[in-house]
Amino acid sequence: MPVLPRHDLPFAPRRASVGLFGGSFDPAHEGHVHVTRHALQRLELDRLWWLVSPGNPLKQFGPAPLQARLTQARKLMRHPRVDVTPVESLLGTRYTADTLRALMHLYPERRFVWIMGADNLASFHQWDNWRVIMESLPIAVVARPGQQLRALSSVAARRYARARVPARSAPLLSMAQAPAWCFLTVPLRDISSSHLRAQGNWLGTGHL
């Protein structure tokens, strides 16, 4: 594991609960902000980090340049408890399971929660080492328009049905022993990065 300067890494005090919201953010949009604010509140998190990835191994074409996505995301997401970070690029990890392993090593005594949209739960079984992820830390799945049925009938949801905790227990999720996951229904925002790229409103359009 590379030795990284502490100022390059996001901050979280010991024993803090930290939400990890990963993705390409190509581009970041108000839907991401909406999810972030609800996750902070519903999960009662101390911090939340946007993990802006260098690229998505499941996508055929690469995203816009990392620095452009970081700059745009930081302009959009302004909250005292939220950090927008390229930590995956700094760590040199490509897959989520490897990133999480590295973060848990670098940040002992923190309580991490992985945050993802319902669309990601629907395809979660296609991720590299998805069972390792599920069994490494609690997961909060946030509703997305039109995705609830697919998500809750997915391979991952059925495989870990007994590990699902009720949404009313969301404030305790960060203290739960993995595997543990909950499904959070929030007011829906029908917006997506792919839609914004298709409209030509983002420099990443050429990367479709």
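Quick summary incoming for the structure in this document. Residue positions are counted from 1 within each chain, in the order its sequence is given. Only residues with pLDDT of at least 70 get local features here, since the model is predicted, and only at 80 or more are side-chain atom pairs given and counted; chain-wide, interface and lining totals rely on the full set of residues. Side-chain measures were taken over the full set of non-hydrogen atoms in the model, leaving aside hydrogen atoms and water.

1. A word on the environment of Val 52
Next up, step 1: Within the secondary structure, Val 52 sits in strand β2 (residues 47-52).
Next up, step 2: It is 7.1 Å that separates the C-alpha atoms of Val 52 and Val 84, two residues lying 32 residues apart in sequence.
Next up, step 3: The residues touching Val 52, leaving out its near neighbours within four places in the chain, are Gly 23, Ser 24, Phe 25, Leu 66, Arg 69, Leu 70, Val 84, Thr 85 and Pro 86. Strands here are runs of E lasting at least two residues and helices are runs of H or I lasting at least four, both read from the DSSP assignment and numbered beginning at the N terminus. The contact criterion used is simple: two residues touch if any of their non-hydrogen atoms lie within 4.5 Å.

2. A short note on the packing of aromatic side chains
Both the distance between ring centres and the angle between the ring planes are used here to describe each pair of aromatic rings.
Next up, step 1: The rule is short: rings of Phe, Tyr and Trp, with Trp giving its six-membered ring, pair when the centres are within 6.5 Å, and they are stacked under 30 degrees, edge-to-face over 60, tilted in between. This structure, assessed with the given rule, holds 10 aromatic pairs.
Next up, step 2: Seen in terms of ring centroids, Tyr 107 and Phe 112 are 6.2 Å apart; in terms of plane orientation they differ by 90°. Their pairing is edge-to-face. Of the two residues, Tyr 107 and Phe 112, both sit in the buried class.
Next up, step 3: Plain terms: the ring middles of Phe 124 and Trp 127 are 4.9 Å apart, the flat faces sit at 70° to each other, and that makes the pair edge-to-face. There is no split in this pair, since Phe 124 and Trp 127 are both buried.
Next up, step 4: Within the aromatic cluster, the residues linked to one another by ring pairs are Trp 114, Phe 124, Trp 127, Trp 130 and Tyr 160.
Next up, step 5: One cation-aromatic arrangement involves Arg 159 over Tyr 160; the distance from NZ or CZ to the ring centre is 4.8 Å. Three labels apply to residues, based on accessible area from a 1.4 Å probe with only protein chains included: buried if under 20% of the type maximum, exposed if over 50%, partly exposed otherwise in between. In our convention, an over-ring charge means Lys NZ or Arg CZ found within 6 Å of a ring centre and within 35 degrees of that ring's normal.

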